[in-house]
Amino acid sequence: MQQSVDARDDAGLSVGASDGPLGNPTASTRERGAELLFFCPDVTDASTLKRVQQFMDFGYRVTVFGFRRERYNTAYRPPWPNVPLGFTSDARYWHRVRALLGAIPVVFAHRDALSRAGVFYARNIDQLLLALLARLITFSRAPVVYEVLDIPAILMRRGLVPTLLRAIERLCLRRTSLLVLSSPGFHRNYYKAVQKYRGDWFLLENKLHPSISSLSAPAPVRCAAEGGRPWVVGYFGLIRGESTFALITRLAERLQGRVLFRFGGILTTVDQAKFDEVLRRCPNIVYRGPYLPQQDLEDLYRDVDFTWALDLEHTDHNSRWLMPCRFYESGYFGIPCLAVHGFEVGNTIERHRIGWTFDSPLEESLIRFFEQLTPAAYEHIRGRLRSVPRTMFVAGEDVAGLCAILGSVSATPQRPRRRD
């Protein structure tokens, strides 16, 4: 286990605080019907589909300039206007550089469409560079918004290339009107502490889109101890991190007959051959394959007792600071999360007392937990989780607030920043 698991984030910082004046988030200032050009790294990604739909729900005409990643859902055809930028892949940075260069002629070829933009909205640093290029070549005054869902590992390393990339990002940030983050930990620990960013930012968490929650109400889950069945732990979404999977494998080997681990989604940074070998060796680890978040979430969470939210891929930075999608999904369906004490998601769980967190050594802590957990203790936490307001897990006024701000910055694209 990496020593950094024992580190602690700063306490006492309010979730959603901003260094910049964002105005009234409920004000009806968005420009209905405005053109929003959305630059994304994967048009098939569930979070992309959700965000595009949210903008369309609030009246924006969205055109997506997007790459694809050859990992799942490759036959998917977006229902909204889409300009393909080519193929890219996870973590292979030089491949991404080539893909980025290859996308530049496509951007130039769509100058007419780009010139009509009311907002340029970019996800990750690659897309931000393309959005700024699009703004430059069209002499547009439309604002550029930068959304960040993860802090890439390369940005936290030492050396010439990471230093150069951080410098490029700082330069780009000076030319953006708004930074949108999925976790307050990203602002506190990276953008404020490392990048010295003092501009406007907005917290937009990875909550469920209302259309998903309206299709299926949370269903009761029977307690594991009833009938002698094992506890069931679900891990759904992007399956990543060799350290994470190794920990689950050791737990499965030691807790056979007591705990079943149920996987669903796609493998990213977990070796496929190793994953398949563990499935053959451990009868209490099962995998259902990829799924569609818009359709399959209720089926996924119906038969699990816990959601695995222990991300050990980058315990010094991104894993420590993020708020995973599965926290919001499982919270809506009334399934408590398991997380690491001191991580952003762990702090949230502890603050509301709606799940369990663990200190290192994680393996021994989790073994003791499953050996000692009683049905009464489990039902107490699940009862607390089900009393939490729905807005904690389902997007609503937060998206309205972002769209109000987008309307405001569209009207005043050269609005000066507030400095500390």
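The following paragraphs examine the structure supplied in this document. Being a predicted model, the structure only gives us computed values, none of them experimental. Think of each chain on its own: its residues are numbered from 1, step by step along the sequence as written. Where totals are concerned, whole chains, interfaces and linings use all residues; where local detail is concerned, this predicted model gives features only for residues with pLDDT of at least 70, and gives and counts side-chain atom pairs only at 80 or more. Side-chain numbers here rest on the full set of heavy atoms in the structure, without hydrogens or water.

1. Focus: the pattern of salt bridges
Working definition: two side chains of opposite charge can pair if their charged atoms are close together.
In step 1: Salt bridge criterion: a side-chain nitrogen from Lys or Arg within 4 Å of a carboxyl oxygen from Asp or Glu. This model, assessed by the stated rule, comprises 19 salt bridges.
In step 2: A salt bridge links Glu 147 to Arg 123; the nearest nitrogen and oxygen atoms lie 2.8 Å apart. Pair noted here: Glu 147 is in strand β5 (residues 144–148) and Arg 123 is in strand β4 (residues 119–123), with a separation of 24 residues, a long-range link.
In step 3: For the salt bridge of Glu 379 with Arg 382, the shortest nitrogen-to-oxygen distance reads 2.8 Å. Here Arg 382 and Glu 379 lie together in helix α15 (residues 375–386), a separation of three residues that amounts to about one turn.
In step 4: The class of Glu 379 is partly exposed, set by a relative accessible area of 31%.
In step 5: Each of Asp 150, Arg 240, Asp 311 and Glu 313 takes part in one network of salt bridges that share partners. Numbering of helices and strands starts at the N terminus; helices are DSSP runs of H or I of at least 4 residues and strands are runs of E of at least 2. A 1.4 Å probe rolled over the protein chains alone gives each residue an accessible area, and that area as a share of the maximum for its type sets the label: buried under 20%, exposed over 50%, partly exposed in between.

2. Some words on the pairing of strand β13 (residues 355–358)
In step 1: Taken together, the four bridges between strand β12 (residues 337–340) and β13 define a ladder with parallel strand orientation. When the sheet's bridge partners are listed, Val 340 is paired in β13 with Phe 358.
In step 2: Viewed with both strands pointing away, a crossover whose connecting path from the first strand over the helix to the second turns clockwise is right-handed. Handedness of the β12-helix α13 (residues 344–352)-β13 crossover: right-handed. When DSSP finds two or more bridges between a pair of strands, those strands are recorded as paired.

3. Here's the deal with the packing of aromatic side chains
In step 1: Aromatic pairing here means that ring centres of Phe, Tyr or Trp (its six-membered ring) are within 6.5 Å. Orientation follows from the plane angle: under 30 degrees is stacked, over 60 is edge-to-face, and everything else is tilted. According to the stated counting rule, one finds 27 aromatic pairs in the structure shown.
In step 2: Each ring, one from Trp 231 and one from Tyr 378, has its centre 5.2 Å from the other, and the planes form 50 degrees; the classification is tilted. Separated by 147 residues along the polypeptide, Trp 231 in strand β8 (residues 231–239) and Tyr 378 in helix α15 bring together distant segments of the chain.
In step 3: With a relative accessible area of 6%, Trp 231 lands in the buried category.
In step 4: A relative accessible area of 0% places Tyr 378 in the buried class.
In step 5: Of the aromatic side chains, those joined through ring pairs into one cluster are Trp 231, Phe 306, Trp 356, Phe 358, Phe 369, Phe 370 and Tyr 378.

4. Regarding the side chain of Gln 54
In step 1: Within the element layout of this structure, Gln 54 appears in helix α1 (residues 46–57).
In step 2: The contact rule is simple, with two residues in contact once any of their heavy atoms fall within 4.5 Å. Apart from the residues lying within four places of it in its own chain, the contact partners of Gln 54 are His 209, Ala 395 and Val 399.

5. Considering the sheet that holds β12
In step 1: Ordered by their spatial adjacency, six strands build an open sheet running β10-β9-β8-β11-β12-β13, and the pairing between neighbours is parallel. The two strands at the open ends of the sheet, each matched to only one other strand, are β10 (285–287) and β13. On average, each strand axis in the sheet is tilted by 30 degrees relative to the strand beside it, whichever way the strands run.
In step 2: Of the pairings in the sheet, the one linking strand β11 (residues 306–308) to β12 comprises two bridges and is parallel in character. In this description, a line fitted to the C-alpha atoms serves as the axis of each element, helices being fitted only across the stretch in contact, and the angle between N-to-C directions of two axes falls anywhere from 0 to 180 degrees.

6. Things to note about the nonpolar core
In step 1: Nonpolar core, defined: a set of buried Ala, Val, Leu, Ile, Met, Phe, Trp, Tyr and Cys residues in which side-chain atoms within 4.5 Å join the residues together. Core analysis: the largest hydrophobic core is formed by 41 residues, its most contacted members being Phe 39, Phe 120, Leu 179 and Tyr 191.
In step 2: Not counting residues within four places of it along the chain, the set of residues in contact with Phe 39 comprises Phe 65, Leu 114, Phe 120, Tyr 121, Ala 122, Arg 123, Gln 127, Leu 130, Ala 131 and Ala 134.
In step 3: Counting 36 residues, the second largest nonpolar core, distinct from the first, contains Val 233, Ile 239, Val 270 and Val 278.

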